[in-house]
Amino acid sequence: MKRQSYRKKQKRQKWMKHTAFTVVAIICAVAVSLGALRLYAQITGAPPLTMTKASVFLDSNGNRIGDFFTAERRYWVELDEISPYLLDATVAVEDKDFYTHSGFDFSRIASALLKDLKTQSKAEGASTITMQLARNLYLTLDKTWTRKIQEAFYAYRLEVFYNKDEILEGYLNTVNYGHGMYGVEAASRYYFGKSSSDLTLAEAALLAGIPKGPSIYSPINDYEKAINRQKVILRLMEEQNYISAEAKARANDEQIVLKNEQWAATKSVAPYFLDAAWQEAEKILEKEHRNIREGGWVIKTTLNQAHQKAAEESVASNMPDSDLQVGFVSMEVDSGHVTALVGGRDYSKSSFNRVTQAVRQPGSAIKPLLYAAALENGFSPLTYLEVGETIFTYDNGRATYKPQNVNGQFADGAMSLAQAIAISDNIYAVKTLEKIGYEAYSDILKRFHLNYTDADNPSIALGTIETSLYKLTSAYNTIAANGKKKEPTMILSIQDGDGKMVYEYSKPKSEQVISEEDAFLLTDMMTGIFDPVYSDYSPATGVSLRPRMTHTYAAKSGTTVSDQWLVGYTPNVTAGVWNGYDQGKTLSVQADMAASKQVWIDFMEAINKGKPNENFKPPKGVEGVVIDIETGKLATDSCPKQRFLYVKKEDVPEEKCSNNEFFNEDSWNDFLDLFPFETFNDVFN
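Attention here is on the structure that accompanies the text. (Residues numbered from 1 in each chain as written. Predicted model: local features only at pLDDT ≥ 70, side-chain atom pairs only at ≥ 80, totals over all residues. Heavy atoms only, no water.)

**Regarding the overall build of the protein**
Now for step 1: When its secondary structure is counted, the protein shows 23 helices and 18 strands.
Now for step 2: Out of the 685 residues belonging to the protein, those deemed buried represent 50%.
Now for step 3: If you take every contact in the protein between residues at least 6 apart in sequence, the share linking residues at least 24 apart comes to 69%. (Helix = DSSP H or I, 4+ residues; strand = E, 2+ residues; numbered from the N terminus. Buried < 20%, exposed > 50% of the residue type's maximum accessible area, 1.4 Å probe, protein only. Contact = heavy atoms within 4.5 Å.)

Okay, here's the thing in structure tokens:
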């Protein structure tokens, strides 16, 4: 009996020792693990609470016009900038013990673990707000044990290095609220058209219910489910003493007004412009050794909202009911700042930018560049060439070229450069190229940063070398700026997410591409496209717009079988329009062929409405004279077609168009010289 008692005692002591050892071992293991975990946390440091943010665009006056995201819409706001209702609603529904636990709710974890084991799944997460933030910032949404362990490690690190308010702020700025909206600010603007600081209790409760299932509880997808979940959250807020029963009742009765359509509309401001500005900003930041994908940039642009509105309205009101496409861009003459840009008829259907990305044949719109070279090589506005039907030979006589005018007709005799620009005579252009040589023409194209070719083909005088509307309009802007290169830009400044100024626009050193005199002569000649006095076998190309003009404009049109162009300017603004089909379809319908001119004049008249007319100022070295169109001589009253134009002082003609005018003083003096009045005097004396 004693022996049995002894053995029992021995076994009990042995078990107690084993148990004690096990407990100590477990305690030591836990302590070591916690110590190792703490050491790991200290070594790895604080995990960042930030992530890619939206980059914001401002117009030239500093007004917000849009934003740019890599994939999702995010706006980071401080905790005190968020409605207290939303803070309380989020904690009430997502993690009621958030302020008392250390990142893990062990009772919920144990309950979820039991359910997962029973169902052989990982459906129950029991994630705290801290754990959800860890997942949002650093992990995928895969439901695996590996991901859950990683989530726990990140959650622990977050709790070590950040206080509860910082963790809650991070969560509210990263959680998914559906429809690509991440964070409370983006969600509040999207659903309610207001900042998250202005949310009512009812709106906050509805918003707090969405993250559980963004596609299920979005009020846009299922309003009834969203409202039912809102009521659950309001009940929880009352139970947890965040709100009173009266406040809950008022919130339940409040009519929710969704404004997502209004939010979407605000994102449609100049989408083509914003795309192009983003690409320009990316290149600027590369030079500063920064990556635009960091996000959070504040990009101030050159956009003039009044110009953009005028451009969009002129496009909308003048484009025919067809698949005809459009490109439009305007620039400030003095600075080269792009003030408006429309890259197509509908950005939602096609984001392809027909201003910056499309390259097409400019047709006769290239002629001012050809004639810039001509002015440098002995031509003047009064240089006359025979422009009858002509066959040109090239390639050492192995090839021929027979250009046609737009209406298939030709002039009977000689024509001046000024008139050739006005009616866009093609024979004059090709003959000019022959006279000045291909090298002189290529040189001018290079100086204007336009495409050129080494092939000697006379057709290049008529705009067969492809270019973009952006580059061609920039070239015209240089002419408008008295021949000084104005590099087009859309960016005024770039600030990073910390408010540091990374880039500020500074006016580049002016490059004189052509002389001021030649630039002005081109401008003066391009005013002639609106003047019927130049009409001949074909009308001046812009004469149809003359009745609508209230200001002085210089411009040139261009036509190919599949493209229509018009680029022109005032002393302050240059604008270019292109019309055509994306697939190069032949233009045959009159409405398609007339659109570019109507878009252009509508824009120009809109932005200049109510402003005094401003004429182009001649520089020193040029002189204005009244010229007989037919002969290029000084006009008298007997010359029916005459116009005031400018030439260089050395090119002012000395001869008059007629010496047989009845009331011409010189003619009467010559006539009276035929009679010996001195003889009559002798008789009467």
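**Brief notes about the nonpolar core**
Now for step 1: Membership of the largest hydrophobic core comes to 128 residues, with the highest contact counts inside it found for Tyr371 and Trp600.
Now for step 2: Counting residues per element, this core draws most heavily on helix H13 (residues 271-287), which supplies nine residues.
Now for step 3: If near-sequence neighbours (up to four positions away) are discounted, Tyr371 is found in contact with Leu417, Ala420, Ile421, Asp425, Tyr428, Ala429, Thr432 and Leu522.
Now for step 4: Residues Ile82, Leu168, Leu201 and Ala208 belong to the second largest nonpolar core, which totals 49 residues. (Core = buried A, V, L, I, M, F, W, Y, C linked by side-chain atoms within 4.5 Å.)

**Digging into the packing of helix H15 (residues 367-375) against helix H18 (residues 438-447)**
Now for step 1: Where H15 contacts H18, the two axes come as close as 9 Å, and the packing angle between them is 120°. Considering how the two elements wind past one another, H15 and H18 form a crossing that is right-handed. The residues of H18 that touch H15, namely those facing Leu369, Leu370, Ala372 and Ala373, are Ala440, Tyr441, Ile444 and Leu445.
Now for step 2: Classifying every residue of the contact of H15 with H18 by side-chain character gives eight nonpolar, no polar and no charged. (Axes fitted to C-alpha atoms, helices over the stretch in contact; angles between N-to-C directions. Left-handed = near helix turned anticlockwise from the far one by under 90°. Nonpolar A, V, L, I, M, F, W, Y, C, P; charged D, E, K, R; others polar.)

**Quick notes on the state of the cysteines**
Now for step 1: The final tally for this structure, using the stated rule, is one disulfide.
Now for step 2: The disulfide that involves Cys639 links it to Cys657, with 1.4 Å between the sulfurs. Disulfide Cys639-Cys657: torsion about the S-S bond near 65°, hence right-handed. In this pair, Cys639 sits in the loop between strand E17 (622-628) and strand E18 (642-648) while Cys657 sits in the loop between E18 and helix H22 (665-672), placing the two residues 18 residues apart along the sequence. Of the two residues, Cys639 and Cys657, both sit in the buried class. (Disulfide = S-S within 2.5 Å.)

**Details of the environment of Tyr503**
Now for step 1: In this fold, Tyr503 is placed in strand E13 (residues 501-504).
Now for step 2: Once the C-alpha coordinates of Tyr503 and Leu492 are considered, the two residues, 11 residues apart in sequence, prove to be 8.0 Å apart.
Now for step 3: Other than its neighbours up to four places away in sequence, Tyr503 contacts Ile284, Ile491, Leu492, Ser493 and Ile494.

**Quick word on helix H21 (residues 590-608)**
An α-helix turns once every 3.6 residues. As a result, residues three or four positions apart point the same way.
Now for step 1: Counted at 1.5 Å a residue, the expected span for H21 with its 19 residues is 27 Å, and the 28 Å between its end C-alpha atoms agrees.
Now for step 2: Restricting attention to buried positions, one finds in H21 the residues Asp592, Ala595, Ser596, Val599, Trp600, Ile601, Asp602, Phe603, Met604, Glu605, Ile607 and Asn608.
Now for step 3: The inward-facing, buried residues of H21 contact helix H14 (305-318), strand E6 (325-332), strand E14 (554-559), strand E15 (563-569) and strand E16 (573-580).
Now for step 4: Looking one or two places after H21, you find Gly610, whose phi comes out positive at around 80°. (Expected span 1.5 Å × (residues − 1).)

**Quick notes on the pairing of strand E1 (residues 55-58)**
Along a regular strand, successive side chains alternate from one face of the sheet to the other.
Now for step 1: Judged by which residues are buried, E1 turns out to be covered on both faces: Ser55 and Phe57 on one side and Val56 and Leu58 on the other are all buried.
Now for step 2: Pairing of E1 with strand E5 (residues 298-301), which is carried by three bridges, proceeds in the parallel orientation. Directly across from Phe57, in E5, lies its bridge partner Ile299. (Pairing = 2+ DSSP bridges.)

**Digging into the side chain of Lys164**
Now for step 1: Residue position: Lys164 is located in helix H6 (residues 164-172).
Now for step 2: With relative accessibility at 15%, the residue Lys164 sits in the buried group.
Now for step 3: At a separation of 2.8 Å, a polar atom in the side chain of Lys164 contacts the main-chain carbonyl oxygen of His101. (Polar contact = N/O pair within 3.5 Å; in protein donor to acceptor, adjacent residues only side chain to side chain.)

**Observations regarding the sheet that holds E15**
Now for step 1: Spatially, the five strands line up as an open sheet ordered E7-E6-E16-E15-E14, and their pairing is antiparallel. In this open sheet, the two edge strands, each paired with only one partner strand, are strand E7 (338-342) and E14. Taken pair by pair, the neighbouring strands of this sheet meet at an average axis angle of 5°, ignoring direction.
Now for step 2: As paired elements, E6 and E7 share four bridges and run antiparallel to each other. Residue pairing in the sheet places Ser330 in a bridge with Ala340 of E7.

**Some thoughts on helix H10 (residues 223-239)**
Now for step 1: Here H10 contains 17 residues, and its C-alpha end-to-end distance of 25 Å stays within 8% of the 24 Å for a straight helix at 1.5 Å per residue.
Now for step 2: Among the residues making up H10, those that are buried are Ala226, Ile227, Arg229, Gln230, Ile233, Leu234, Leu236 and Met237.
Now for step 3: Buried residues along H10 sit against helix H2 (84-94), helix H8 (201-208), helix H9 (214-217) and helix H11 (245-253).
Now for step 4: Positioned one or two residues after H10, Asn241 has a phi angle of 65°, which is positive.

**With respect to the environment of Val355**
Now for step 1: Here Val355 shows up in the loop between E7 and H15.
Now for step 2: The spatial distance from the C-alpha of Val355 to the C-alpha of Ser468 is 6.4 Å, given a sequence separation of 113 residues.
Now for step 3: Apart from residues no more than four positions distant in its own chain, Val355 is found in contact with Gly327, Phe328, Val329, Leu341, Val342, Gly343, Ser468, Leu469 and Tyr470.

**A few points about the packing of aromatic side chains**
Now for step 1: Using the criterion set out here, one finds 12 aromatic pairs in the structure.
Now for step 2: Ring plane angle 70° and centroid distance 6.3 Å describe the contact between Phe57 and Trp278, whose orientation is recorded as edge-to-face. Residue Phe57 is found in strand E1, and its partner Trp278 is found in helix H13; the two are separated by 221 residues along the sequence.
Now for step 3: With centroids separated by 5.2 Å and ring planes inclined at 85°, the aromatic side chains of Phe644 and Tyr646 adopt a geometry described as edge-to-face.
Now for step 4: Given a relative accessible area of 42%, Phe644 falls into the partly exposed group.
Now for step 5: Within the aromatic cluster, the residues linked to one another by ring pairs are Tyr190, Tyr191 and Phe192.
Now for step 6: Above the ring of Phe98, the side-chain terminus of Lys164 is found at 4.7 Å from the ring centroid. (Phe/Tyr/Trp six-rings, centres within 6.5 Å; stacked < 30°, edge-to-face > 60°. Lys NZ or Arg CZ within 6 Å of the ring centre and 35° of its normal.)

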